[in-house]
Amino acid sequence: MFANTLVDNTVWTLRKASKASKAPIWKDLESRISGPRSNRSEVNLGRLAQVTKASEVVMVPGKVLGTGALGHKLTVCAFSISETAVKKITEVGGKVITLEELTKKYPEGKGVRIIG
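Predicted model only: the values in this text are computed from it and were never measured. (Residues numbered from 1 in each chain as written. Predicted model: local features only at pLDDT ≥ 70, side-chain atom pairs only at ≥ 80, totals over all residues. Heavy atoms only, no water.)

> Explanation requested: the overall build of the protein in the structure shown.
Within the protein, the regular secondary structure consists of five helices and five strands. Reading the helices (α) and strands (β) of the protein from amino to carboxyl end gives α-α-β-α-β-β-α-β-α-β. By principal-axis analysis of the C-alpha atoms, the protein measures approximately 40 × 30 × 20 Å. Expressed as a percentage of its 116 residues, the buried residues of the protein come to 43%. Pairs at least 24 residues apart make up 38% of the contacts formed inside the protein by residues separated by at least 6 positions. Summing over all exposed atoms, the protein offers an accessible surface of approximately 6,600 Å²; the carbon and sulfur share of this is 51%. Treating the 19 positive side-chain charges of the protein as one cloud and the 10 negative ones as another, the clouds have centres 3 Å apart. (Helix = DSSP H or I, 4+ residues; strand = E, 2+ residues; numbered from the N terminus. Buried < 20%, exposed > 50% of the residue type's maximum accessible area, 1.4 Å probe, protein only. Contact = heavy atoms within 4.5 Å. Areas by Shrake-Rupley, 256 points an atom, 1.4 Å probe, with all protein chains shown as cover. Lys, Arg positive; Asp, Glu negative; His and termini not counted. Charge placed at Lys NZ, Arg CZ, Asp CG, Glu CD.)

> Would you explain the environment of Ala85 in this entry?
When you line up the elements, Ala85 lands in helix α4 (residues 83-91). Assessed through its relative accessible area of 0%, Ala85 is described here as buried. Between the alpha carbons of Ala85 and Ile115 there is a distance of 15 Å; along the sequence they are 30 residues apart.

> Whenever I open this one, the side chain of Thr103 confuses me. Can you help?
Along the chain, Thr103 turns up in helix α5 (residues 99-105). Among the polar contacts listed, one links the side chain of Thr103 to the backbone oxygen of Glu100, at a separation of 3.1 Å. Apart from residues no more than four positions distant in its own chain, Thr103 is found in contact with Thr13, Ala17 and Trp26. (Polar contact = N/O pair within 3.5 Å; in protein donor to acceptor, adjacent residues only side chain to side chain.)

> Help me understand the pairing of strand β2 (residues 56-65), please; the structure alone is not making it clear to me.
Moving residue by residue along a regular strand, the side chains alternate between the two faces of the sheet. Counting buried positions over the 10 residues of β2 gives eight, a clear majority of the element. Sheet topology note: the strand β1 (residues 41-44)/β2 ladder contains four bridges and is parallel. Bridged to Ser41 within β2 is Gly62. In this structure, β2 lies alongside strand β3 (residues 74-81), joined through seven bridges in parallel fashion. Across the sheet, Lys63 pairs through a bridge with Ser80, a residue of β3. Relative to strand β5 (residues 112-114), β2 runs parallel, the two sharing three bridges. From the neighbouring strand, Met59 faces β5, where its bridge partner is Ile114. (Pairing = 2+ DSSP bridges.)

> Help me understand helix α1 (residues 5-21), please; the structure alone is not making it clear to me.
What sets the pattern is the α-helix's 3.6 residues per turn: residues three or four places apart point alike. An ideal rise of 1.5 Å per residue puts 24 Å on 17 residues; α1 measures up with 24 Å between its terminal C-alpha atoms. All buried positions along α1 are accounted for by Val7, Asp8, Thr10, Val11, Thr13, Leu14, Ala17, Ser18 and Ser21. On its buried face, α1 is in contact with α2 (24-34), β3 and α5. A positive backbone phi angle near 60 degrees is found at Lys22, which sits one or two residues after α1. (Expected span 1.5 Å × (residues − 1).)

See the structure below:
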């Protein structure tokens, strides 16, 4: 379907989650990720720190970059994430999870925020 197998696998995972739970969040994420690459968002950790509260679950349909400081725990799932961002998230006690883990733990999408 797509030239990039990562995009293809992500879209199929989201479709499967959407069909299984009928939750609109997975359909929305599918449309954001399957669109043009130039439309995917890039979010810095400093921005995540500003718009989130402690212990939130966040999905970024783009790339998380390591610029800025994060002062609280977050659970982050992203299409792509830099090594610096992963290091900073785990240093404050947060977690970086895969899309499969996110859809299994939150099948209805409740408590998951889309940022970006």
